[in-house]
Amino acid sequence: AISDGDVGVFENTETGAPIFSVMVHFGRLKITHNLPSGTALDIEVYSILGQKVSDMHASASSNQIVVSVNRLPAGIYFARVRAIGFSKIVKFVLPG
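Residues numbered from 1 in each chain as written. Predicted model: local features only at pLDDT ≥ 70, side-chain atom pairs only at ≥ 80, totals over all residues. Heavy atoms only, no water.

Draft legend 1. The arrangement of the overall build of the protein chain in detail. When its secondary structure is counted, the protein chain shows zero helices and eight strands. Counting every position in the protein chain, which comprises 96 residues, the buried fraction comes to 34%. For the protein chain, the accessible surface area stands at approximately 5500 Å², while carbon and sulfur atoms represent 52% of it. (Helix = DSSP H or I, 4+ residues; strand = E, 2+ residues; numbered from the N terminus. Buried < 20%, exposed > 50% of the residue type's maximum accessible area, 1.4 Å probe, protein only. Areas by Shrake-Rupley, 256 points an atom, 1.4 Å probe, with all protein chains shown as cover.)

Draft legend 2. Geometry of the pattern of salt bridges. Going through the model one piece at a time under the given rule, you end up with four salt bridges. The partner of R80 in a salt bridge is E44, and the shortest N-O contact between them spans 3.0 Å. Note that R80 is positioned in strand β7 (residues 75-83) and E44 in strand β4 (residues 40-47), a separation of 36 residues in sequence. Overall, the relative accessible area of 26% leaves R80 in the partly exposed class. On the basis of relative accessibility, which here comes to 6%, the residue E44 falls in the buried class. Residues E44 and R82 are paired through a salt bridge, measuring 3.1 Å at the closest nitrogen-oxygen approach. A residue pair is termed long-range when its members are at least 10 positions apart, and E44 in strand β4 and R82 in strand β7 qualify at 38 residues. (Salt bridge = Lys/Arg side-chain N within 4 Å of Asp/Glu carboxyl O.)

Draft legend 3. Structural detail: the packing of aromatic side chains. Per the counting criterion, the structure on display carries one aromatic pair. Judged by centre distance (5.8 Å) and plane angle (25 degrees), the rings of Y77 and F92 are stacked. Within this pair, whereas Y77 is found in strand β7, its partner F92 is found in strand β8 (residues 86-94), the two being separated by 15 residues in sequence. Accessibility assignment for this pair places Y77 and F92 in one class, buried. (Phe/Tyr/Trp six-rings, centres within 6.5 Å; stacked < 30°, edge-to-face > 60°.)

Draft legend 4. Examining the confidence of the model for the protein chain more closely. In this model, the protein chain carries an average pLDDT of 80, and 81% of its residues clear a pLDDT of 70 or more. Averaged pLDDT values for the elements of the protein chain fall to 60 in strand β1 (residues 7-11) and rise to 91 in β4. (pLDDT = per-residue confidence, 0-100.)

Draft legend 5. View of the nonpolar core. Of all hydrophobic cores here, the largest spans 22 residues; its most connected members are L29, L41, V45 and F92. Elements with a contribution of two residues or more to this core: β2 (18-25), β3 (28-33), β4, β6 (64-68), β7 and β8. The contact partners of L29, leaving out residues within four places of it in the chain, are V22, M23, V24, V45, I65, V66, V67, V69, A79 and F92. (Core = buried A, V, L, I, M, F, W, Y, C linked by side-chain atoms within 4.5 Å. Contact = heavy atoms within 4.5 Å.)

Draft legend 6. Structural context of a nonpolar patch on the surface. A contiguous nonpolar patch, built from I48, L49 and I76 and spanning about 310 Å² of accessible area, is present on the exposed surface. Relative to the assigned elements, L49 resides in the loop between β4 and β5 (52-59). On the basis of relative accessibility, which here comes to 71%, the residue L49 falls in the exposed class. (Patch = residues over 30% accessible without salt bridge, like charges linked within 9 Å, V, L, I, M, F, W, Y side chains within 5 Å.)

Next comes the structure, spelled out in structure tokens:
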């Protein structure tokens, strides 16, 4: 699981090139990516119980997207990041 200050990097399995990285820092989920400009990104956050607690649709106009999760209580969450046929689920921890 990614906790406060940790970074997870996810690569293209064919080329090994990084597709995106995820960092949790002070109640924000920061996603840095190298997707082409204009690429649609869907970011969904789920609680440990499977309840969707956040849903964001963004366009890759810059190489970083920030999702505020500071209103969520401390606990374990899952973020699903989807773009251009790529989907990855990231487990992260919000400290108390």
